[in-house]
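# Chain and residue survey
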Amino acid sequence: MNVRKMASLRSIDRRRFAQLCAGSLALAAAGCGRGRARVGQSAITVLYASDERCLGPAQDDPPKFLVFLPLVTLNGKGELEGRLAERWEHSPDYHDWTIHLRKGLRWQDGVPVTAHDVQFTLDLLSNPAVHMSYPDDYSVRVLDDHTYTIRYHNLALGSSLDDYTVYYPKHLLEKLDPNDFYNWEFWTHPVGNGPYSYLRSVPKTMMELEANPNYYRGKPKIERVVLRFIGPGTSSVVELMSGNVDATSGTTARFPIGELDPRFRVYYWYEGTNARGIYWQNKHPFFRDPRVRRALTLAINRRELLPLINVPADTALVDGPYTLPQLRRGQLPAPLPYDPEQARALLEAAGWQDRDGDGVRERDGKAFKFTAIVSGPPFTQIAVYVQDQFRRVGVHMDLKPLNDSMVQERLKSGAFEAAFINFGSSSSSLQRIFCEHSPIGYENPAVLALIQRAKDTADPDEEDRIYRELTDMFRADAPVTFLCPKVHLEFAHRRVKGLSSPWRANPVWYMEDLWLEDER
């Protein structure tokens with residue numbers, strides 16, 4: 001339920017390497033360095049940007065999957081396969097679902113896992129004090145210990161089968177105060193039903209977990225997992241190169257493209273249906289004409305941009321909103337090409353010409369000069385590249401860096417000419433931007449109707465059809481220039497096996513399917 005590839009590194013001389021390593025965080029006293037595993041034990045250390053509460057309910061903390069089971073997960077092909085859920089059925093309109101849980105599952109204290117735990121978790125998440133969903137979004141009814149039904153009253157939540165929500169033990173939590181939910185001590189030493197169990201932690205430093213010998217899929221091959229928490233000023237690259245960690249998860253480790261140390265492999269995954277883009281203020285005199293907006297999209301060599309911002313060159317490009325199934329099946333519509341000649345022709349047709357030969361086009365006595373607000377890295381690097389691309393077709397763009405919240409506020413109020421920021425494809429995100437009084441000044445009744453249809457259906461096939469229509473309209477009107485999907489990189493030593501891009505790239509999320517091979 002939706003509650004809510006790189007060659008070798010340039011050589012570094014010994015002095016420089018020593019200087020780099022001097023800044024790395026030493027955790028020997030905490031006992032979490034590599035090689036501290038017991039004799040014969042398979043162990044991995046992962047650098048993770050969080051702290052000892054990472055097993056809790058924060059939505060951006062994959063370590064929870066080490067300890068707790070979701071209903072389903074993605075396999076290497078991006079297809080759903082059961083975990084807590086063994087099988088399921090739904091009504092033709094996708095309002096009603098019946099979920100059959102896997103039998104024989106137990107919490108790590110020996111208590112059976114039942115449908116009552118699922119109901120308890122869903123009720124807890126919709127508690128006003130927790131507010132991860134609304135009380136009237138759905139209703140749950142337990143049929144027996146291993147079967148429950150869920151009816152969706154808010155179809156915007158989507159399918160009951162998401163791979164992100166995990167479920168908690170009712171018998172341990174039902175007497176705790178929901179008002180203190182996010183501070184429960186349970187999150188720092190939880191009892192779960194997943195592939196690993198919690199052992200110990202050192203605040204702000206590390207956490208150690210061990211393989212669950214009673215896990216229903218069998219004891220994981222990697223027997224010991226240490227999450228090494230990254231602190232301010234700590235270099236992820238140094239931690240990897242110095243051998244302190246085997247992999248990263250959710251950090252900002254960055255090797256320049258083409259310079260990856262051969263000891264490591266890079267994997268990538270998509271952040272849902274989020275993309276990086278440029279919002280145009282469609283009411284601005286420069287951007288009212290869709291030919292101009294389309295020309296600006298055609299002027300950007302997005303495929304060349306990707307490696308410059310450390311994104312794999314084979315990342316999918318898009319020119320409109322899309323659904324996760326479309327992304328998973330590789331069925332995204334073909335993007336607009338890089339075509340600076342057509343861009344120049346469209347600008348000419350819209351009346352923008354460089355009559356004085358200064359390299360900047362003019363129309364009605366005004367030069368094509370505007371300012372774009374930029375929401376921090378990597379948008380700073382992206383915007384500098386796009387600035388040069390626009391210059392080549394006679395358009396001058398100044399840049400004004402702002403923090404993310406300021407860009408968001410300017411976007412919501414419509415007080416901008418252009419904005420580099422993330423774009424969300426969910427129907428709720430689309431409706432906030434492409435509403436009747438759109439803050440970006442783009443008002444298209446057909447687009448509004450399609451977005452509403454997307455909100456009103458839970459049928460994935462119908463949703464895909466709606467999004468294909470939306471993409472056709474976005475390609476024609478270009479109210480937003482899509483640059484690339486939002487991609488995260490993870491790095492792992494080549495002895496770590498079982499990772500793949502883009503569906504099993506996060507070593508923490510998919511630890512139960514990984515194994516280690518000794519380097520000889």
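Below: a short report on this structure. (Residues numbered from 1 in each chain as written. Predicted model: local features only at pLDDT ≥ 70, side-chain atom pairs only at ≥ 80, totals over all residues. Heavy atoms only, no water.)

### Some details on the overall build of the protein chain
As a reminder, the rule being used: Every helix listed is a DSSP run of H or I at least four residues long, and every strand listed is a run of E at least two residues long, numbered separately from the N terminus. Whether a residue is buried, partly exposed or exposed follows from its accessible area with a 1.4 Å probe, protein chains only, as a fraction of its type maximum: under 20%, in between, or over 50%, in that order. To measure how exposed things are, a 1.4 Å probe is used in the Shrake-Rupley method; for residues, cover is taken only from the protein chains shown.
Scanning the protein chain from terminus to terminus reveals 14 helices and 20 strands. The burial tally for the protein chain puts 54% of its 520 residues in the buried class. In the form shown here, the protein chain has an accessible surface area of approximately 22,500 Å², with 49% of it arising from carbon and sulfur atoms.

### Comments concerning the packing of aromatic side chains
Let me state the cut-off plainly: To pair, rings of Phe, Tyr and Trp, with the six-membered ring standing in for Trp, must have centres within 6.5 Å; the planes then decide the type, stacked if under 30 degrees apart, edge-to-face if over 60, and tilted in the middle. Both a distance and an angle decide whether a charge sits over a ring: NZ of Lys or CZ of Arg must be within 6 Å of the ring centre and within 35 degrees of the ring normal.
Throughout the structure, instances matching the rule amount to 34 aromatic pairs. Aromatic side chains Phe181 and Trp187 sit 5.4 Å apart centroid to centroid with 80° between the ring planes, which places their arrangement in the edge-to-face category. Accessibility expressed as a relative area gives 0% for Phe181, which makes it buried. Grouping aromatic residues by their ring pairs yields a cluster made of Phe68, Tyr168, Phe181, Tyr182, Trp184, Phe186 and Trp187. If you follow Arg276 out to its NZ or CZ, it ends over the ring of Phe379, 5.4 Å from the centre.

### Focus: empty space enclosed by the protein
To keep it simple, the criterion reads: With a 1 Å grid spanning the protein atoms alone, the term cavity applies to any set of points in which a 1.4 Å probe fits but cannot get out, the term pocket to an open set with protein on both sides within 12 Å along at least five of seven lines, and the term lining residue to any residue with an atom within 4 Å of a point. Grid points are joined across faces, edges and corners, and a volume is the space filled by probe spheres set on the points. For this scheme, ten residues count as nonpolar: Ala, Val, Leu, Ile, Met, Phe, Trp, Tyr, Cys and Pro. Four count as charged, namely Asp, Glu, Lys and Arg, and the remainder, Gly too, count as polar.
The volume enclosed by the second largest cavity comes to roughly 80 Å³. Residue lining of the second largest cavity: Phe65, Phe68, Leu69, Pro70, Thr73, Arg83, Trp509, Tyr510, Glu512 and Asp513, and that is the complete set. Here the lining of the second largest cavity is composed, by residue class, of 6 nonpolar, 1 polar and 3 charged.

### Some words on the environment of Ala449
By the secondary structure assignment, Ala449 is in helix α13 (residues 445-455). With 14 residues separating them in the primary sequence, Ala449 and Cys435 have C-alpha atoms 10.0 Å apart.

### What to know about the packing of helix α6 (residues 290-298) against helix α14 (residues 460-477)
In helix packing, the relevant descriptors are the interaxial angle and the interaxial distance, both defined with respect to the helix axes. Under the convention used in this document: Only the stretch in contact is used when a helix axis is fitted, and all axes are lines through C-alpha atoms; the angle between N-to-C directions ranges over 0 to 180 degrees. Each angle is binned into one of four classes, with values under 35 degrees roughly parallel, values over 145 roughly antiparallel, values of 65 to 115 roughly perpendicular, and all other values oblique. Should any heavy atoms of two residues lie within 4.5 Å, those residues are counted as being in contact.
Two elements in contact, α6 and α14, have axes separated by 7 Å at closest approach and are oriented at 95°. The angle between α6 and α14 places the two elements in the roughly perpendicular class. For the pair formed by α6 and α14, the contact residues are Pro290, Arg293 and Arg294 on the first element and Arg475, Ala476 and Asp477 on the second. Broken down by class, the residue content of the contact of α6 with α14 amounts to 2 nonpolar, no polar and 4 charged.

### Description of the pairing of strand β10 (residues 224-229)
Our working rule: Between any two strands, at least two bridges found by DSSP are needed for them to pair.
Most of β10 sits out of view: 6 of its 6 residues are buried. Judged by which residues are buried, β10 turns out to be covered on both faces: Arg224, Val226 and Arg228 on one side and Val225, Leu227 and Phe229 on the other are all buried. Here strand β1 (residues 43-48) runs beside β10; their pairing, made up of 6 bridges, is parallel. Within the sheet, the bridge partner assigned to Leu47 lies in β10 and is Arg228. Pairing analysis gives 5 bridges linking strand β9 (residues 206-211) to β10, with the strands arranged antiparallel. Each bridged residue has a counterpart across the sheet, and for Glu208 the counterpart in β10 is Val226.

### Regarding the sheet that holds strand β7 (residues 147-152)
With antiparallel pairing, the 4 strands of this open sheet are ordered in space as β4-β5-β7-β6. Either end of the sheet is taken by a strand with one partner, and the two such strands are β4 (85-90) and β6 (138-144). Geometrically, the sheet is characterised by an average inter-axis angle of 20° between neighbouring strands, direction not taken into account. Here 5 bridges tie β4 to strand β5 (residues 96-101), and the two strands are oriented antiparallel to one another. Its bridge partner lying in β5, Trp88 is registered against Ile99. The strands touched by helix α3 (residues 115-125) are β5, β6 and β7; relative to β6, the strand with the most contacts, the crossing angle is about 165°.

### Points about the nonpolar core
Quick reminder of the rule: What makes a nonpolar core is a set of buried Ala, Val, Leu, Ile, Met, Phe, Trp, Tyr and Cys residues whose side-chain atoms join them at distances within 4.5 Å.
Ranked by internal contacts, the top residues of the largest apolar core, which has 149 residues, are Phe370, Phe420 and Phe434. At 10 residues, strand β12 (residues 264-280) tops the list of elements feeding residues into this core. With residues near it in sequence (within four places) discarded, Phe370 still touches Trp280, Phe286, Phe287, Phe390, Val395, His396, Met397, Asp398, Glu417 and Ala418.

### What to know about the pattern of salt bridges
Heads up, the condition is: Any Lys or Arg side-chain nitrogen found within 4 Å of a carboxyl oxygen on Asp or Glu counts as a salt bridge.
Inspection of the entire model under this criterion finds 27 salt bridges. Asp388 is paired through a salt bridge with Arg391; the nearest N and O atoms lie 2.7 Å apart. Residue Asp388 and its partner Arg391 are located together in helix α10 (residues 379-391), separated by 3 residues, close to a single helical turn. Arg392 is paired through a salt bridge with Asp388; the nearest N and O atoms lie 2.9 Å apart. By relative accessible area, Arg392 is classed as partly exposed at 46%.

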